[in-house]
Amino acid sequence: MNPESTGSLIASLRQAVIDGQAAAAAAATTRALAAGLPPRTLVDEALIPAMDEAGRLFERGEFFVPELLVAARALKASQAIITPLLAGSPAAAAGRIAIGTVKGDMHDIGKNLVVALLQGGGFEVVDLGADVPPERFVAAVTESKADILGLSALLTTTMLQMRSTVQALDRAGVRGAVKVIVGGAPVTQRFADEIGADGYADNAAAAVVLARRLMSRPA
Ligand code: B1M
């Protein structure tokens, strides 16, 4: 037997995602997990760097939207195998979180990662998907009685929907009943403060830490 090294397993997965090869990405994921690599290592060292590289190639004009789409599809093939391993099954929920990507924004890979780690961290998660208008966030908060509302945005244009969502919560009279957390590549702590969010996290693991902190503080 000639076991693949950790480095080459990670490199195969990263390359399969960049190349948009969904079947190869799934196979590389299975091989890496079978070799004992932790799921979080695959996310941090293969999947996120692969999408960063796809983004760089897009910026340089070497990738276009179709290439980004197939890379995203390949990443999701891997994510489908990894996500159940990240999610735990705790006896008592740490809290309930409704979460989605804001209106006009289709990017859901990062949001899905946040969902997986929140579930792994013991939270009950109501995943509203992508392209979620403010009124749907308001309805979800009311219906699910969520403790926390999570908003994700990847575009400088759509991040403005976060402000609209906070305003919609205000108008509906439910802003005081829920903590709002925001994240996504263009979002900053400063922007979170400006729109009156309760917290900002720059990655999925930090979102879990933030959610735990907010749950330990009464509304
Ligand atoms: Co888009 N795209 N895209 N894209 N895309 C970016 C974001 C971009 C930076 C690429 C670039 O130019 N370099 C650029 C945005 C520029 C800007 O606004 N500043 C861009 C653009 C321009 C576009 C289009 C407009 C392109 C076009 O059509 N001409 C278009 C817009 C479509 C739309 O949404 N209306 C578009 C489309 C797409 C695809 C559909 C092809 C695809 C998305 C597929 C999908 O998600 N299902 C796509 C992709 C894949 C990207 C890049 C390459 C990768 C994004 C990603 O998944 N990253 C991206 C470039 C890049 O980011 N390097 C790019 C990996 C992911 C794990 O990271 O999402 O940042 P991220 O999530 C992190 C943190 O941000 C954080 O935790 C996550 C994990 O650690 N986080 C949170 C995220 N949400 C959080 C919420 C929280 C807390 C933390 O609390 C609630």
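Look up a bit, the structure's there.
Residues numbered from 1 in each chain as written. Predicted model: local features only at pLDDT ≥ 70, side-chain atom pairs only at ≥ 80, totals over all residues. Heavy atoms only, no water.

Right, let's talk about the coordination of the cobalt atom of the ligand for a bit. Protein coordination of the cobalt atom of the ligand is limited to a single donor, His107 (NE2), which sits 2.2 Å from the metal. Of note, histidine 107 is situated in the loop between strand E1 (96-101) and helix H5 (109-120). (Donors = N, O, S within 2.8 Å, 3.2 Å for Na, K, Ca; no water. Helix = DSSP H or I, 4+ residues; strand = E, 2+ residues; numbered from the N terminus.)

Here we come to the layout of surface pockets. What the largest pocket holds in volume is close to 1500 Å³. His107, Ile109, Gly110, Leu154 and Ala185 are, among the 49 residues lining the largest pocket, the residues nearest its centre. When residues of the lining of the largest pocket are traced back to their parent elements, those giving at least two are helix H3 (39-59), helix H4 (65-86), H5, strand E3 (148-152), strand E4 (179-183) and helix H9 (204-215). Broken down by element, the lining of the largest pocket gets its largest block of residues, 12 residues, from H3. Tallied by class, the residues present in the lining of the largest pocket amount to 30 nonpolar, nine polar and 10 charged. (1 Å grid on protein atoms, 1.4 Å probe; cavity = no way out; pocket = protein on both sides within 12 Å on 5 of 7 lines; lining within 4 Å. Points joined across faces, edges and corners; volume = space filled by probe spheres on them. Nonpolar A, V, L, I, M, F, W, Y, C, P; charged D, E, K, R; others polar.)

So, about the pattern of salt bridges. Taken as a whole and judged by the stated rule, the model has nine salt bridges. In this structure, glutamate 124 and arginine 96 form a salt bridge, with 3.1 Å as the shortest nitrogen-oxygen distance. One end of the pair, glutamate 124, is in strand E2 (residues 124-127); the other, arginine 96, is in strand E1, and 28 residues separate them in sequence. For glutamate 124, a relative accessible area of 39% translates into the label partly exposed. Linking aspartate 127 and lysine 111 is a salt bridge whose minimum nitrogen-to-oxygen distance equals 2.9 Å. Pair noted here: aspartate 127 is in strand E2 and lysine 111 is in helix H5, with a separation of 16 residues, a long-range link. (Salt bridge = Lys/Arg side-chain N within 4 Å of Asp/Glu carboxyl O. Buried < 20%, exposed > 50% of the residue type's maximum accessible area, 1.4 Å probe, protein only.)

Let's shift gears to H5. Relative to the 16 Å expected for 12 residues at 1.5 Å per residue, H5 spans 17 Å between its end C-alpha atoms, a close match to the ideal helical length. Inspection of H5 places Ile109, Lys111, Asn112, Leu113, Val114, Val115, Ala116, Leu117 and Leu118 among the buried residues, and these make up the whole buried set. On the buried face of H5, the contacting elements are H3, H4, E1, E2, E3 and H9. Once H5 ends, the next one or two residues include glycine 122, with phi positive near 95°. (Expected span 1.5 Å × (residues − 1). Contact = heavy atoms within 4.5 Å.)

For the rest of this paragraph, the subject is the site of the ligand. In the vicinity of the ligand lie 36 residues, with Glu59, Met106, His107, Asp108 and Ser152 positioned nearest. One of the backbone nitrogen or oxygen atoms of methionine 106 is found 2.7 Å away from an oxygen atom of the ligand. The cavity where the ligand resides is the largest pocket. Listing elements by their share of the shell around the ligand, those giving two or more residues are H3, H4, H5, E3, E4 and H9. It is H3 that provides the largest number of residues to the shell around the ligand, a total of six residues. When its residues are assigned to classes, the shell around the ligand shows 20 nonpolar, 10 polar and six charged. (Near = heavy atom within 4 Å. Polar contact = N/O pair within 3.5 Å; in protein donor to acceptor, adjacent residues only side chain to side chain. Sits in = over half its atoms within 2 Å of the grid points.)

Moving on, we get to the side chain of threonine 29. Relative to the assigned elements, threonine 29 resides in helix H2 (residues 22-34). Residue threonine 29 is classed as buried on the basis of its relative accessible area, which comes to 0%. Polar side-chain contacts of threonine 29 include one of 2.8 Å to the side chain of serine 78. Among residues more than four places away in sequence, those in contact with threonine 29 are Leu13, Leu42, Ser78, Ile81 and Ile82.

This paragraph deals with a nonpolar patch on the surface. A surface patch of nonpolar side chains, about 290 Å² in accessible area, is lined by Phe58, Val65 and Leu69. Along the chain, leucine 69 turns up in helix H4. (Patch = residues over 30% accessible without salt bridge, like charges linked within 9 Å, V, L, I, M, F, W, Y side chains within 5 Å. Areas by Shrake-Rupley, 256 points an atom, 1.4 Å probe, with all protein chains shown as cover.)

Taken in spatial order, the five strands line up as E2-E1-E3-E4-E5 in an open sheet, and their pairing is parallel. Two strands close off the open sheet at either side, each with one partner strand: E2 and strand E5 (199-200). Across the face of the sheet, H5 comes into contact with E1, E2 and E3 while running at roughly 170° to E1. Against the sheet, helix H6 (residues 134-144) engages E1, E2 and E3, with an angle of about 165° to E1. (Pairing = 2+ DSSP bridges. Axes fitted to C-alpha atoms, helices over the stretch in contact; angles between N-to-C directions.)

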